[in-house]
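Topology and contacts: notes
So the chains spell out like this:
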Amino acid sequence: MNMQSNSETDVVIIGAGVVGASIALELQRSGRTVLVVDKGESVGGGSTSASSALIRFNYSTRSGVVAAWESFHRWKAWEEHLGYVDGPVAQFHPLSMILLEPPNFDRSSYLEHFNELGIPFEELGENDLSEKYPMFNTGRFWPPCLPNDEHFFEDAEEKLGGFFVPSGGFIDDPQLAAQNLMDAARHFGAKVSLRTSVVAIEKDQDKVVGVRLDNGEIIKSSIVINAAGPWSSYINDLAGVSETMGMSTRGMRQEVHALPASEEFNFIDNPVMVGDLDLGFYTRPQPGGTLIVGGVEADCDPAVWIDDPDSDSPTPSIESWESLVWRLAKRVPEVSVPNRPTGLASHYDVTPDWTPIYDRTDLEGFYVACGTSGNQFKNAPLIGHLMNELISACESGHDHDADPVQVHCSLVNETVDLGTFSRNRKPVAGTGTVLG
Ligand SMILES: Cc1cc2nc3c(=O)[nH]c(=O)nc-3n(C[C@H](O)[C@H](O)[C@H](O)COP(=O)(O)OP(=O)(O)OC[C@H]3O[C@@H](n4cnc5c(N)ncnc54)[C@H](O)[C@@H]3O)c2cc1C
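Fair warning: this is a prediction, and the values are worked out from it, not measured in the lab.

Moving on, we get to the overall build of the protein. Summing up its helical and strand segments, the protein has nine helices and 24 strands in all. Along the first, second and third principal axes, the C-alpha atoms of the protein reach 70 × 45 × 45 Å. Within the protein, buried positions represent 56% of all 436 residues. Considering only contacts in the protein between residues 6 or more positions apart, those separated by 24 or more positions represent 75%. Carbon and sulfur atoms provide 45% of the accessible area of the protein, an area that totals close to 17700 Å².

This is the structure we're talking about:
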């Protein structure tokens, strides 16, 4: 193949979000030369910058729980994890979590993993929940509906219990977290090219040999990683691997709204994050006196699929605002509802089973870290390690498809089975929501 190459590197990572930055750090630190290209203006400026950045552990697979539990420990030692810091760093804020479940919700899969891994939790009966959190209306309102539904303002006839997890938290500035990872990667030698779009994947028969950029330049590389977030399906199409993957990815519009915290539920008093599957939202307090609220794929909130995130409006909509904020106000009656949206709109990169894909592909040297399904910011400290182990094994000839790579997580002394995140897995039987 006749390729006009302007430069060469061991690895090209497409995407400088938190996923690409995490991979850049670990690959560069392990001795490979890394170039990260991103079409945006800044590191972490894609969907990462919109993240609610919640850190929790309830996932449907054991490896999902292990990854979140290991990452939690890495966030707590963030500067040590980075190995290099220059300037401000993203802050981890500890917060407990309560999960309010719909009728007949099967929490046994979480509980089994929590018990095995020693993750503390408490099951709160209906009286415990209302005593511990008197600012919440603990009525069962299921199924979630919109404020214009005739049943919306009806009182509940039953009360809810909950599932309480004392550990967890959030990161105050998700974009800064991505920048911290990338600054460390650069310190160890990685190169980053912003305002640079990948427009083609160069191949020689069934091997990747580089990428072509929008300025016509070709970067030669035998390893290319798709970390393009909500744009990942386009990159997989460019590589010609979409048809050979059992799992697909697709952009989904998501809005997160902010409103003033109430006197009794805020960052100082009763700080707790809530996953409310009964009313179909999640919320957490922010430092500075606000609450943020997002959706959890309730049937009353239609899914908005977006094939080209660049064509979508970043302005939050009145419909989503009213729907989410009024449902929050049902649970927290003291909250006051402003009359116009203040929030953001961005995109998840969703797989059919809401579980990410961290895998090789049928195109040799082309790897994917995508389909993060609105729930992988929390795993950013670990994703680079997972991909580094995967790539090292595959590049030395290991047949990962037949014998999935097992990755040791040193802080919790547990193992992630990378087969869980395979492109060709049997779909995970999970919640079918952002909770995974
Ligand atoms: C509203 C919202 C709330 C969320 N809340 C949480 C949460 O509470 N907890 C949690 O764990 N997760 C959460 N997530 C999910 C989490 O934020 C994402 O999983 C994560 O940030 C994805 O990072 P990424 O690097 O894959 O994608 P991105 O940050 O989107 O980065 C992808 C990058 O690829 C670049 N790119 C795309 N195409 C090209 C191209 N052709 N050439 C060059 N560059 C390209 C883009 O410019 C972009 O910068 C949330 C996500 C959203 C949208």
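Taken in spatial order, the six strands line up as β10-β3-β2-β14-β22-β21 in an open sheet, and their pairing is mixed. Sheet topology places β10 (191-193) and β21 (357-360) at the edges, where each strand pairs with a single neighbour. Put simply, the sheet's adjacent strands are angled 15° from each other on average, direction ignored. Lying over the sheet, helix α9 (residues 380-395) contacts β14 (223-226), β21 and β22 (366-370), oriented at roughly 20° with respect to β21.

Moving on, we come to the domain arrangement of the protein. Per the domain assignment, the segments making up the protein are domain 1 (7-89 + 173-248 + 353-421) and domain 2 (96-167 + 250-350). Its C-alpha centre places domain 1 at a distance of 29 Å from the equivalent point of domain 2. The partner domain 2 presents 29 residues to the 29 residues of domain 1 that form the contact. Surface buried jointly by domain 1 and domain 2 totals about 2500 Å² across both partners, of which 65% is contributed by carbon and sulfur atoms. When the buried area of domain 1 at its contact with domain 2 is split by residue, Asn-58, Pro-230 and Trp-354 rank highest and sum to 23% of it.

Given 3.6 residues per turn, any residue in an α-helix points the same way as the ones three and four places further on. End to end, helix α6 (residues 174-187) covers 20 Å across 14 residues, agreeing with the expected 20 Å (1.5 Å per residue, within 8%). Three or more residues of α6 are buried, namely Pro-174, Leu-176, Ala-177, Ala-178, Asn-180, Leu-181, Met-182, Ala-184 and Ala-185. Against the buried residues of α6 lie α1 (18-29), β3 (34-37), α2 (62-76), α3 (78-82), β9 (169-171) and β10. Positioned one or two residues after α6, Gly-189 has a phi angle of 120°, which is positive.

Judged by how many residues are buried, β22 sits mostly within the fold: five of five residues are covered. Relative to β22, β14 is paired through three bridges, and the arrangement is parallel. Bridged to Asn-226 within β22 is Val-368. Following β21, the chain reverses through five residues before pairing antiparallel with β22; Gly-365 in that reversal takes a positive phi of roughly 90°.

So, on to the pairing of strand β23 (residues 406-409). The two faces of β23 differ: Val-407 and Cys-409 on one face are buried, but Gln-406 and His-408 on the other face are not. Where β23 lies against strand β24 (residues 414-417), four bridges are found, and the strand directions are antiparallel. Directly across from Gln-406, in β24, lies its bridge partner Asp-417. Where β23 hands over to β24, the hairpin turn is made up of four residues, of which Asn-413 adopts a positive phi near 50°.

One can find Gly-289 in the loop between β17 (281-286) and β18 (290-295). In sequence terms Gly-289 and Asn-266 are 23 residues apart; their C-alpha atoms lie 6.4 Å from each other. Leave out the neighbours within four places in its chain, and Gly-289 touches Leu-259, Pro-260 and Ala-261.

Another aspect to go through is a negative patch on the surface. On the surface, a cluster of negative charge is contributed by Glu-150, Glu-154, Asp-155 and Glu-157. When you line up the elements, Glu-150 lands in the loop between α5 (126-132) and β8 (162-165). Residue classification places Glu-150 among the exposed positions, given a relative accessible area of 72%.

A few words now on the site of the ligand. Near the ligand lie 36 residues; those nearest to it are Asp-38, Ser-47, Thr-48, Thr-372 and Lys-378. In this structure, Lys-39 approaches the ligand through a main-chain N or O atom, which is 3.0 Å from a nitrogen atom. Ser-51 has a polar side-chain atom sitting 3.0 Å from an oxygen atom of the ligand. For the ligand, whose unbound accessible area comes to 1000 Å², protein coverage reaches 97%. Broken down by secondary-structure element, the contributors of at least two residues to the shell around the ligand are α1 and β20 (343-350). Ranked by residue count, the leading element in the shell around the ligand is β20, at three residues. In terms of residue class, the shell around the ligand is built from 16 nonpolar, 17 polar and three charged. No fewer than three residues from each of domain 1 (7-89 + 173-248 + 353-421) and domain 2 (96-167 + 250-350) sit in the shell around the ligand.

What counts and what doesn't
- Residues numbered from 1 in each chain as written.
- Predicted model: local features only at pLDDT ≥ 70, side-chain atom pairs only at ≥ 80, totals over all residues.
- Heavy atoms only, no water.
- Helix = DSSP H or I, 4+ residues; strand = E, 2+ residues; numbered from the N terminus.
- Buried < 20%, exposed > 50% of the residue type's maximum accessible area, 1.4 Å probe, protein only.
- Contact = heavy atoms within 4.5 Å.
- Areas by Shrake-Rupley, 256 points an atom, 1.4 Å probe, with all protein chains shown as cover.
- Pairing = 2+ DSSP bridges.
- Axes fitted to C-alpha atoms, helices over the stretch in contact; angles between N-to-C directions.
- Domains from an automatic or database assignment.
- Buried area = accessible area lost by both parts, 1.4 Å probe.
- Expected span 1.5 Å × (residues − 1).
- Patch = residues over 30% accessible without salt bridge, like charges linked within 9 Å, V, L, I, M, F, W, Y side chains within 5 Å.
- Salt bridge = Lys/Arg side-chain N within 4 Å of Asp/Glu carboxyl O.
- Lys, Arg positive; Asp, Glu negative; His and termini not counted.
- Charge placed at Lys NZ, Arg CZ, Asp CG, Glu CD.
- Near = heavy atom within 4 Å.
- Polar contact = N/O pair within 3.5 Å; in protein donor to acceptor, adjacent residues only side chain to side chain.
- Nonpolar A, V, L, I, M, F, W, Y, C, P; charged D, E, K, R; others polar.

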